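Summary of structural features
Listed below are the residues making up each chain.
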Amino acid sequence: MAKKKFLTDVRTLRKRARQHIEQGAVTQGYRAKRATVLKLLNDALATEIVCVLRYKRHHFMASGIHAQSVAAEFLQHANEEQAHADEISQRIVQLGGAPNLSPEGMLSRSHSEYVEGENLIDMIKEDLVAERVAIDSYREMIDYIGGDDSTTRRMLEGILAMEEEHAEDLVTLLAELG
Ligand SMILES: [Fe+2]
Ligand SMILES: [Fe+2]
């Protein structure tokens with residue numbers, strides 16, 4: 001039976017695995033541009049942190065007749081954005097980088113903005129805009145990575161799906177309140 005030629009032979013695989021073992025999960029077969037992926041992930045990390053802070057602000061400042069349920073939704077989103085930030089940080093380390101959690105320049109690294117909002121409707125609208133920014137930026141990152149780093153791509157796809165849920169939650173709230 002003919003061997004599948006597109007697979008590296010086992011001796012070469014074993015030999016390569018012994019080289020640069022200090023790089024851990026990053027092997028010679030890693031096809032993506034690591035520096036670029038790390039930069040993208042650090043920008044995404046900044047975006048998530050800015051989103052956590054904005055949702056927290058909105059959670060504590062929500063007031064008015066519908067405040068309670070909306071404030072609870074803001075808090076849930078804040079916690080989910082924090083979980084995204086943690087996932088991204090973990091992947092950055094796995095790829096041999098370091099998560100940039102410095103407050104300095106956080107807002108300029110972030111894709112989304114930090115807008116406080118005057119009232120409940122404003123807050124929901126600002127959060128919806130931020131989610132839509134995140135959705136498009138995650139989609140672009142996923143397209144860029146393609147098949148070159150499937151672990152990072154899968155993580156980003158999971159986050160994207162949740163940002164889409166967030167946007168849907170917010171547009172539903174707006175329809176209910178508006
Ligand atoms: Fe997120
Ligand atoms: Fe989100």
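Scroll up a little and you will see the structure.
Here's what I pulled together on the structure shown here. (Residues numbered from 1 in each chain as written. Chains lettered and ligands numbered in written order. Predicted model: local features only at pLDDT ≥ 70, side-chain atom pairs only at ≥ 80, totals over all residues. Heavy atoms only, no water.)

Here we take up the coordination of the iron ion (ligand 2). At the metal site, the iron ion (ligand 2) is ligated by Glu-81 (OE), Glu-131 (OE), Glu-131 (OE), Glu-163 (OE) and His-166 (ND1), and these contacts range over 2.0 to 2.2 Å. The sequence pattern formed by the donor residues of the iron ion (ligand 2) is E-x49-E-x31-E-x2-H. The distance between the iron ion (ligand 2) and the iron ion (ligand 1) comes to 4.0 Å, with Glu-81 serving as a donor to both metals. Residue Glu-163 and its partner His-166 are located together in helix α6 (residues 150–177), separated by three residues, close to a single helical turn. (Donors = N, O, S within 2.8 Å, 3.2 Å for Na, K, Ca; no water. Helix = DSSP H or I, 4+ residues; strand = E, 2+ residues; numbered from the N terminus.)

Under the definition given, this model contains one aromatic pair. Seen from their ring centres, Tyr-55 and Phe-74 are 6.2 Å apart, and the 40° between their planes marks the pair as tilted. You can see Tyr-55 sitting in helix α2 (residues 34–61) and its partner Phe-74 sitting in helix α3 (residues 67–94), a full 19 residues away along the chain. What makes Tyr-55 buried here is its relative accessible area of 0%. (Phe/Tyr/Trp six-rings, centres within 6.5 Å; stacked < 30°, edge-to-face > 60°. Buried < 20%, exposed > 50% of the residue type's maximum accessible area, 1.4 Å probe, protein only.)

The next thing to look at is the coordination of the iron ion (ligand 1). Within the protein, the atoms that donate to the iron ion (ligand 1) are Glu-48 (OE), Glu-48 (OE), Glu-81 (OE), His-84 (ND1) and Glu-163 (OE), at distances of 1.9 to 2.4 Å. Each donor residue of the iron ion (ligand 1) belongs to the same chain, with the gaps between them written as E-x32-E-x2-H-x78-E. Taking relative accessible area as the criterion, Glu-163 reaches 1% and is therefore assigned buried.

Even without glycine at this site, His-20 takes up a positive phi of about 50°. Among the secondary structure elements, His-20 is positioned in the loop between α1 (10–17) and α2. The class for His-20 is exposed, based on a relative accessible area of 52%.

Turning next to the packing of α3 against helix α5 (residues 120–145). Across the interface, α3 lies against α5 with an axial gap of 12 Å and an inter-helix angle of 25°. Overall, the two elements α3 and α5 adopt an arrangement that is roughly parallel. Two packed elements cross with a definite hand, and for α3 against α5 that hand is left-handed. Contacts from Ala-67, Val-70, Phe-74, His-77, Glu-81 and Ile-88 in α3 reach Leu-120, Met-123, Ile-124, Asp-127, Glu-131 and Tyr-138 in α5. Within the contact of α3 with α5, the residues separate by chemical class into eight nonpolar, one polar and three charged. (Axes fitted to C-alpha atoms, helices over the stretch in contact; angles between N-to-C directions. Parallel < 35°, antiparallel > 145°, perpendicular 65-115°, else oblique. Left-handed = near helix turned anticlockwise from the far one by under 90°. Contact = heavy atoms within 4.5 Å. Nonpolar A, V, L, I, M, F, W, Y, C, P; charged D, E, K, R; others polar.)

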